[in-house]
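Here is what each chain is made of, one letter per residue.
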Amino acid sequence: MSSLTEKDKPIVQLLLNTGTCPRCIFRFCRVGSQTLYRHPYKDLMKDLTEFLKNNQQQEDAAGFGVVDPPCKRIRLEHAEEVPDDLNQNGVLKHVPLVHDDSAAVENSTVEVCNVCLGILQEFCEADFVKRVCEKVKSADYQFTSFVFSVSLPPQLSVREYAAWLLVKQEMGKLGLSLAKDDIVQLKEAYKWIIHPQLSEELGVPADGKSLFEVSVVFAHPETDEECRFLATACPDCFKPAKNKQSVFTRMAVMKALEKIKEEDFLKHFPCPPCSPKNLCVALEIQCNNGAVFVAGRYNKYSRNLPQTPWIIDGERKLESSVEELISEHLMAEFKADSFNFSSSGREDVDVRTLGNGRPFAIELVNPHRIHFTAEEMKELQQTINNSSDKIRVRDLQLVTREAIGHMKEGEEEKTKTYSALVWTDKAIQKEDIAFLDDIKELKLDQKTPLRVLHRRPLAVRCRIIHTMKSEYIDEHHFRLHLKTQAGTYIKEFVHGDFGRTKPNIGSLLNRTADILELDVESVDVDWPPALDN
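Scoring rules and cut-offs
Residues numbered from 1 in each chain as written. Predicted model: local features only at pLDDT ≥ 70, side-chain atom pairs only at ≥ 80, totals over all residues. Heavy atoms only, no water. Helix = DSSP H or I, 4+ residues; strand = E, 2+ residues; numbered from the N terminus. Buried < 20%, exposed > 50% of the residue type's maximum accessible area, 1.4 Å probe, protein only. Contact = heavy atoms within 4.5 Å. Areas by Shrake-Rupley, 256 points an atom, 1.4 Å probe, with all protein chains shown as cover. Core = buried A, V, L, I, M, F, W, Y, C linked by side-chain atoms within 4.5 Å. pLDDT = per-residue confidence, 0-100. Phe/Tyr/Trp six-rings, centres within 6.5 Å; stacked < 30°, edge-to-face > 60°. Lys NZ or Arg CZ within 6 Å of the ring centre and 35° of its normal. Pairing = 2+ DSSP bridges. Axes fitted to C-alpha atoms, helices over the stretch in contact; angles between N-to-C directions. Polar contact = N/O pair within 3.5 Å; in protein donor to acceptor, adjacent residues only side chain to side chain. Salt bridge = Lys/Arg side-chain N within 4 Å of Asp/Glu carboxyl O.

Student: Would you explain the overall build of the chain in this entry?
Tutor: Helices and strands together make up the secondary structure of the chain, namely 17 helices and 15 strands. Looking at the chain as a whole, 48% of its 533 residues qualify as buried. For the chain, the proportion of contacts with a sequence separation of at least 24, taken over those separated by at least 6, is 77%. Element-wise, carbon and sulfur atoms account for 49% of the exposed surface of the chain, whose accessible area totals about 26,300 Å².

Shown next as C-alpha cells:
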C-alpha cells in the first residue's frame, strides 16, 4: 500500500465499512498508480486490512464521524450500529467502523460495491475479459490495435456523488479537503485494469487513436428508481428524447448533480449510498471499425443508367445505378455494413461519361476487412469492370478521409468538357454555326432548371462557357464541343429552358434548338492520383 499514506486511513476505514470496494477506495484516495488497481481483488482487500491494522493504535485520533449533538470523537471500539439516513438537522449521521478485520475482508469479497455497482469487481476479472475477447474474435475483424470504450449506468454518478459528500465531510474534520475532480474517474480506473488484459488476449496494443473500437454497455435495473429524485429537484435537466428510452441519461444526471444543492441531495439520497440490490449487467459488447475510403474514376457508357438509385414516390424507376454497380463489389470484399457514395458532380441518366472518367469516392462503414495490397485493389477493379458493360472503373485505390476533400475543393472553379448533339428547327449551313467557334468566356445567367426545381432552390446562377467548337453534320444537326465552368447546365444552354438560361444556342442562332445527346468528355479534377493499371 505504498500509494496510501497516513492521512488516507480514516477514508479507507470509512469507505470500507460502508461497503465500498478497494478500487473505489483508491479512487477516493486519489491513487494514480495504474498497476495497483490491477492487483487481484482478494489481495487488495487483504492489503487494505493490513494497512489499517498496522496502525490501529492511532484510530482513536483519526477523527471518524460526528454526531450532532453532542460533538465528540467516537472511538472505534464503541461503534454499535449503522444509521443510513440524516439526522433531524440534515447532517450526515455517524458511520460506525468494523472492528473485526477478518469479517471486513470476508464481507467485502461477496458484497457488490455501493459506488461502482460491481464494475471494478466482477467485470475486471479474467472471465469477463475472456467473454469480451470471444465476442471480438467471433466478429472476424481485421485490426492492428484497438480503443476500448465503456458506457456506464447514470446512477453511478449519483452514488459517487453521495460517497464524495461523505468523504468530504470526514476530511473536513481533519482539516483536509477533497474536490470532486480529484477523484480518479471510474472509466479511467476501469480502463487501467482492462487494457492490459484485452491487449494480451487479443495480441494487439490499446491505442486511443485506433479506428477499431471495442465497446461495452453496462446497465442496471434500478437506474430510474435511483435517479428519479433528481427529476423532481431539477426538472429542466431531464427532457424526453425520441431516440432515448429513458430521460435519465448520463449527461442529464451530471447536469442535475451540478445544479442541485448539497442539502437537497442529502434529503433524498442515502449518504453513504446503500448496498445495491443488484449487480450491473453487461448489456452489449460491440465492435466497430472506422470507415475505409476507396476512390477512383468511373466511365458510364449507358444512356439508361442513373448515377444513384432513381426512386420517385417510393417507386424504383431503373434496376441499377453507377453507385450500386461499383459499391456491391466493394461491400462484399470489405465486408462493410453500409456505404456512402460521392463524386465530383453528376451526370443525368441519359448522359454518358467518357474520357478519363469522373472522380468518385465511397465510404465503407464498419468494414470487417481493411487491408488490401495494390495488387488486390487492381483485381477488385477488374472484378467490377468484368461485371457490367455499362460502366468501367480506373485508378481504384484506398485513400484517407482528408484526401476526399481534394475532390470537392474549388468544385465550381474546375472545368468540364462536353460533347452535345444539337438539332435545329430551321435548316442550317456550316457557315451559320462557324461563329460559335470564335466565342470565348461567354457569361450565362441560368435560373434553376425546371427539371431540377423540385430538389434545388430557385436561384439565378452565373456560369461561363469558356470555349465552343462546332462540327457540322447536316441541315438540322451539328455537334457542339464545349469547355465550361463546372456546374453549368448544358441541356438548358442548348434549348434555353423557356428563356430561363440566357443567352442560349437557340437565341445565338436565332432559331429553336434542342439537344439530342450529351456526353461528358472530361472532368478536370486532378484526383485521385492516376495509377499504372
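There's more to say after this.
Student: Please clarify how the nonpolar core should be interpreted in this entry.
Tutor: Of all hydrophobic cores here, the largest spans 86 residues; its most connected members are I119, L120, Y190, F218 and F265. Per-element accounting of this core gives the leading share, 10 residues, to helix α7 (residues 155-173). The contacts of I119, once residues within four sequence positions are left out, are C124, L152, L156, L186, Y190, F218 and C280. A420, V422, I433 and V494 belong to the second largest nonpolar core, which has 34 residues in total.

Student: Sorry, what's going on with the confidence of the model for the chain here?
Tutor: Detailed conclusions should not be drawn from predicted coordinates in areas where pLDDT is low. For the chain, per-residue confidence averages 88 on the pLDDT scale, and residues scoring 70 or more make up 88% of the total. This model gives residues 59-109 a pLDDT under 50, and the stretch forms 86 contacts once residues within four places in sequence are excluded.

Student: Teacher, can you tell me more about the packing of aromatic side chains here?
Tutor: For any two aromatic rings, the description comes down to two numbers: the centre-to-centre distance and the angle of the planes. This structure, assessed with the given rule, holds 18 aromatic pairs. A ring pair is formed by Y141 and F212, whose centres lie 5.2 Å apart and whose planes are at 50 degrees; its orientation type is tilted. Taken as a pair, Y141 in the loop between α6 (126-139) and β1 (147-151) and F212 in strand β2 (residues 212-219) lie far apart in primary sequence, 71 residues in all. For the pair Y141 and F212, one class covers both residues: buried. Here a set of aromatic residues connected by ring pairs shows up, and it is made of F123, F128, F148, Y190 and F218. Positioned above the aromatic ring of F372 is the side chain of R369, whose terminal nitrogen or guanidinium carbon lies 3.8 Å from the ring centre.

Student: Whenever I open this one, the sheet that holds β2 confuses me. Can you help?
Tutor: The strands making up a sheet associate through hydrogen bonds between their backbones, and the pairing can be parallel or antiparallel. The 3 strands lie next to each other as β1-β2-β3, forming an open sheet whose pairing is mixed. At either end of the open sheet lies a strand with only one pairing partner, and these are β1 and β3 (281-289). For this sheet, the mean angle separating the axes of adjacent strands, direction not counted, is 15 degrees. Here 5 bridges tie β1 to β2, and the two strands are oriented parallel to one another. If you follow V150 over to β2, its bridge partner there is V216.

Student: How should I be thinking about unusual backbone geometry in this particular structure?
Tutor: Leaving glycine out, the prevailing phi sign among residues is negative, and the prevailing peptide bond configuration is trans. Between C271 and P272 the backbone carries a cis peptide bond, its omega angle lying at 10 degrees. At the junction of W527 and P528, the peptide bond is cis and its omega measures out at -5 degrees in the coordinates. Examined against the element boundaries, P528 turns out to sit in the segment after β15 (513-523). Here E441, not a glycine, exhibits a phi torsion of approximately 50 degrees, which is positive. Tracing the backbone shows E441 in strand β11 (residues 440-447). Positive phi is not limited to glycine here, since F498 has a value of about 55 degrees. As for its position among the elements, F498 is in the loop between α16 (490-495) and β14 (501-502). Relative accessible area serves as the criterion here: at 80%, F498 is assigned to the exposed category.

Student: Can you walk me through the side chain of N299 in this structure?
Tutor: Assignment of secondary structure puts N299 in strand β4 (residues 292-300). Overall, the relative accessible area of 0% leaves N299 in the buried class. Only 3.1 Å separates the side chain of N299 from the backbone oxygen of L354, close enough to count as a polar contact. A polar contact is formed between the side chain of N299 and the backbone oxygen of G355, at a distance of 3.1 Å. Residues within four places of N299 in sequence aside, it is in contact with T353, L354, G355, N356, G357, K390, I391, R392 and R394.

Student: What is the right way to read the pattern of salt bridges from this model?
Tutor: Opposite charge on two side chains permits them to pair, given that their charged atoms come into close proximity. Enumeration over the complete set of coordinates arrives at 27 salt bridges. Taking the shortest distance from any N to any O, the salt bridge between E517 and R303 comes out at 3.7 Å. On the criterion of sequence distance, the pair formed by E517 in strand β15 and R303 in the loop between β4 and β5 (311-312) is long-range, its members being 214 residues apart. The class of E517 is partly exposed, set by a relative accessible area of 31%. Overall, R303 belongs to the partly exposed group, its relative accessible area being 26%. Shared partners join several salt bridges into a network, and the residues in it are R303, R352, R479, E517 and D519.

Student: Explanation requested: the environment of M171 in the structure shown.
Tutor: With respect to the helices and strands, M171 occurs in helix α7. We classify M171 as buried; its relative accessible area is 5%. Between the C-alpha atoms of M171 and D8, which are 163 residues apart in sequence, the distance is 9.3 Å. Those residues in contact with M171 that sit more than four places away from it in its chain are I11, R30, L176, S177 and L178.

Student: Looking at this structure, I do not really get the pairing of strand β12 (residues 460-474). What am I missing?
Tutor: The side chains of a regular strand alternate between both faces of the sheet. Here β11 pairs with β12 via 7 bridges, running antiparallel. Paired with L442 across the bridge in β12 is I465. Between β12 and strand β13 (residues 477-485), which pair antiparallel one after the other, the connecting turn spans 2 residues.

Student: Hey, could you run me through the environment of E188 in this one?
Tutor: Within the fold, E188 resides in helix α8 (residues 186-202). Residue classification places E188 among the partly exposed positions, given a relative accessible area of 39%. For the pair E188 and V150, spaced 38 residues apart in sequence, the C-alpha to C-alpha distance is 9.9 Å.

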